[in-house]
Amino acid sequence: MPQWLQAGAWGLLAGSALLIGAAVGYFARVPRTVVASIMAFGAGVLLSAVSFELIAEAHDQGGLLPTALGATGGALAYTGANVLLARRGARHRKRSGQEQPSEQEQPGSGSAIAVGALLDGVPESVVIGASLLTGGPVSLVTVIAVFLSNVPEGLSSAAGMRRAGRSRRYVFALWTAITLISGVAALLGNTLLGGAPPEVLATITALAAGAILAMITDTMVPEAFEDAHLLVGLITVLGFLTAFALSHA
């Protein structure tokens, strides 16, 4: 199988967890404490992947300066885009309660939430595609980490969309589209970055890591803390250690 096709398939696999989580969140009445706990676990998994896979890989490829510049640039880009989306109603797109506005309460919020979901998922997929460029197999730890974190993201967000009165068609069209775009983003990450110098690959990897880290603290941690604040630290550490064990298996 061509490498670019492998990249797309791995990205699609990781992104499919969003659709799985959305189905559970929309059709099942999962208690908010459970949703928050799963979100905390997913946040810990991603934090570990960012630390031991992405940032470490970027440093090995290009050194400290490209890594620092890339991570800072990714965080700035994500934060700037997130601020704009928050003003249009997407601030609480991953919240499972009553925080998400309905279209009646804030016109255009549905589109903003869709763009926000895309913003959250693309950096992870690009990294999955780029991980094949070293000549070895895909980074299974990154794929597993993204998959495990995508389940609670889709679950929590879809539950909030249901409570905000968004239709089933909207919810599943959105997450199906994001799943497909995840595959395309991984494919593009592989094809567009092929032959790039190590410093460029390091910067791109760190850029994605910075964006993911900003996303974790801005959208996942608040949902986790809201309803599982007494246990969120412990659950996050368990997620972190799970991904750490996978990276050293």
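Residues numbered from 1 in each chain as written. Predicted model: local features only at pLDDT ≥ 70, side-chain atom pairs only at ≥ 80, totals over all residues. Heavy atoms only, no water.

Engineer: Is there a simple way to think about the environment of Ser109 in this case?
Structural biologist: You can see Ser109 is positioned in helix 4 (residues 109–130). Not counting residues up to four positions away in its chain, the partners in contact with Ser109 are Arg88, Gly89, Pro101, Ser102, Glu103 and Arg166. (Helix = DSSP H or I, 4+ residues; strand = E, 2+ residues; numbered from the N terminus. Contact = heavy atoms within 4.5 Å.)

Engineer: Is there a simple way to think about the nonpolar core in this case?
Structural biologist: It is characteristic of soluble globular proteins that their nonpolar side chains tend to be buried jointly. Counting residues in hydrophobic clusters, the biggest one holds 19 residues, and the most contacted among them are Leu46, Leu54, Ile212, Met215, Ile216 and Met220. Listed by contribution, the elements that provide at least two residues to this core are helix 2 (32–62), helix 7 (198–228) and helix 8 (232–247). If you tally residues by element for this core, the top one is helix 7, at nine residues. Residues Tyr26, Ala112, Met161 and Val171 belong to the second largest nonpolar core, which totals 15 residues. (Core = buried A, V, L, I, M, F, W, Y, C linked by side-chain atoms within 4.5 Å. Buried < 20%, exposed > 50% of the residue type's maximum accessible area, 1.4 Å probe, protein only.)

Engineer: Just checking my understanding: could you explain the UniProt feature "transmembrane region" (unreviewed entry) in the protein for this structure?
Structural biologist: The positions that UniProt labels "transmembrane region" (unreviewed entry) are, in the present scheme, residues 6–27, 34–52, 64–85, 170–188, 200–216 and 228–246. In this annotation, residues 34–52 is assigned 100% helix and 0% strand; the end-to-end C-alpha distance for the span is 27 Å. Measuring from the first to the last C-alpha atom of residues 170–188 gives 26 Å, for a span that is 100% helix and 0% strand. (UniProt positions renumbered as here; feature names shortened; annotations may be inferred.)

Engineer: Just checking my understanding: could you explain the packing of aromatic side chains for this structure?
Structural biologist: To describe a pair of aromatic rings, one takes the distance between the centres and the angle between the planes. A complete count under the given rule lists five aromatic pairs for this structure. Ring centres 5.4 Å apart and planes at 80° place the aromatic pair Tyr26 and Phe27 in the edge-to-face group. With a relative accessible area of 12%, Tyr26 lands in the buried category. Overall, Phe27 belongs to the partly exposed group, its relative accessible area being 47%. Aromatic rings pair up to connect Tyr26, Phe27 and Phe172 into one cluster. Cation over ring: Arg166 sits above Tyr170, and NZ or CZ is 5.7 Å from the ring centre. (Phe/Tyr/Trp six-rings, centres within 6.5 Å; stacked < 30°, edge-to-face > 60°. Lys NZ or Arg CZ within 6 Å of the ring centre and 35° of its normal.)

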